[in-house]
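Observations on the three-dimensional arrangement
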Amino acid sequence: MTSAWTEPAPVTVRVPAKVNLELLVGPPREDGYHPLSTVYQAVGIYDEITVRPADTWSVTVTGPFADLVPADDTNLALRAARLLGGDAVDAAPVAVSIYKRIPVAGGMAGGSADAAGALVACDALWNLGLHKEELEEIAVELGSDVPFLITGGTAMGSGRGELLAPVLAHGTFHWVFALSDTGLSTPAVYAECDRLRGDAPVAMPAPKPEMMAALRSGDAHALAAVLENDLQEAAFSLRPDLGGVLAEGLGLGALGGIVSGSGPTIAFLVEDKEAGIDLAVSLTASGLCPDVRRASGPVHGAHVLHGSRSS
Ligand code: ATP
């Protein structure tokens, strides 16, 4: 008698990077975290996460930034798979493969994206059928940005950035990202922000109505005028060269520019796709940044590309 059971086919999930359109940082809490008021946008630079049944838990990384990512138990995608496997189903091990296109330690939440991708992929592989809200609850344990990378689109984040609320946003925005060849540590940038603030009183952060109006309008000029990042000064303090990159992009015609998250990637907002191509070519020619990427947003959060055969 033959068995009807077949091993589930591998599942591949595509997961985007993010940029913070607004990142307002409050005074450090007792637990060390900073209260945030942020507006995330998911942008079309993608990692791909594949999970397949295996005898032991493992992770492998390929792609342009593979060398910078730990291929051990500290890898966030592997941690996510193990967490969901333990929490939800006492699952058999999986081998996780990451194709890495999101810059590492670049302020675009690449590690968080891989964790979000692994949760969505394992949910599909193991046929758990968890709701987005249930996955987001587990995601918080892995990092403040992880729930947003499941949701995608444009959303407000409060708390540590993990408490999401929808934002009414129209249109598509075109971005050019100036990458760096060395990363910035997120905790180091927060520490520098605190150091620069010294004893000055810091207000609790709250979303700005101007940002909400710009997103509702769908007008790139309006959005460019209200981009704001409280970590920018700290990132520039640690990496003085970034100020030159920002000035260069603005001089070359970007509508606006901002440090992405904790940096060092600089995100430039442009009028349309053609303006993005022009800016990318000029920035590359300037020799000020080693790598330039174009992407538009908002895009969907983590989503399955190839479903499990058993689903
Ligand atoms: P954020 O914008 O969330 O502050 P980031 O984009 O600046 O983060 P990440 O790319 O997430 O930074 O990488 C931060 C560190 O996390 C890396 O230096 C790396 O050692 C570690 N890490 C663990 N797993 C991964 C992963 N799957 N991808 C990238 N980095 C990972």
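Small disclaimer: the values here were computed from a predicted structure and weren't measured. (Residues numbered from 1 in each chain as written. Predicted model: local features only at pLDDT ≥ 70, side-chain atom pairs only at ≥ 80, totals over all residues. Heavy atoms only, no water.)

Let us look at the environment of Tyr46. For Tyr46, the location among the structural elements is in strand S2 (residues 36-53). Considering only alpha carbons, one finds Tyr46 and Gly301, 255 residues apart in sequence, at a separation of 10.0 Å. What Tyr46 contacts, discounting residues up to four positions off in sequence, is Arg14, Val15, Pro16, Tyr99, Arg101, Ile102, Val299 and His303. (Helix = DSSP H or I, 4+ residues; strand = E, 2+ residues; numbered from the N terminus. Contact = heavy atoms within 4.5 Å.)

Met211, Met212, Ala214 and Leu215 are the residues of helix H6 (residues 209-217) that are buried. Take H6 and look down its axis: the buried residues cluster within an arc of 160 degrees, on one side only. Where H6 is buried, its residues contact strand S1 (11-25), S2, strand S5 (154-158), strand S7 (173-179) and helix H7 (220-226). Once H6 finishes, Gly218 follows within two positions and takes phi at roughly 70 degrees, a positive value. (Buried < 20%, exposed > 50% of the residue type's maximum accessible area, 1.4 Å probe, protein only. Arc of directions from axis to C-beta.)

Most of S2 sits inside the fold, with 15 of its 18 residues counted as buried. Taken together, the 14 bridges between S1 and S2 define a ladder with antiparallel strand orientation. Looking across to S2, one finds that Glu22 is bridged to Val39. In the sheet, S2 pairs with S5 via four bridges, with the strands oriented antiparallel. What sits directly across from Val39, in S5, is Met156. Direction of pairing for S2 relative to strand S4 (residues 94-99): antiparallel, over a ladder of six bridges. From the neighbouring strand, Glu48 faces S4, where its bridge partner is Tyr99. (Pairing = 2+ DSSP bridges.)

Time to look at the site of the ligand. If you check the shell around the ligand, you find 22 residues, and the closest are Ala105, Ala109, Gly111, Asp114 and Thr186. Take Leu76: an N or O atom from its main chain is 3.0 Å from a nitrogen atom of the ligand. A distance of 2.8 Å separates an oxygen atom of the ligand from a polar backbone atom of Ala105. Expressed as a share of its isolated accessible area of 620 Å², the protein-covered part of the ligand is 78%. By residue number, the principal contributor to the shell around the ligand is helix H2 (residues 110-125), which donates four residues. (Near = heavy atom within 4 Å. Polar contact = N/O pair within 3.5 Å; in protein donor to acceptor, adjacent residues only side chain to side chain. Areas by Shrake-Rupley, 256 points an atom, 1.4 Å probe, with all protein chains shown as cover.)

For the rest of this paragraph, the subject is the sheet that holds strand S11 (residues 291-297). Pairing in this open sheet of four strands is antiparallel, and the strands run S9-S10-S7-S11 from one edge to the other. With partners counted over all chains shown, the strands left at the sheet margins are strand S9 (256-259) and S11, one partner each. Strand-to-strand, the axes of this sheet are offset by a mean angle of 25 degrees, without reference to chain direction. The pairing of S7 with S11 spans seven bridges and is antiparallel. By the bridge assignment for S11, His174 is matched with Ser296. Along the sheet face, helix H10 (residues 273-286) touches S7, strand S10 (266-270) and S11 and points at about 165 degrees away from the line of S11. (Axes fitted to C-alpha atoms, helices over the stretch in contact; angles between N-to-C directions.)

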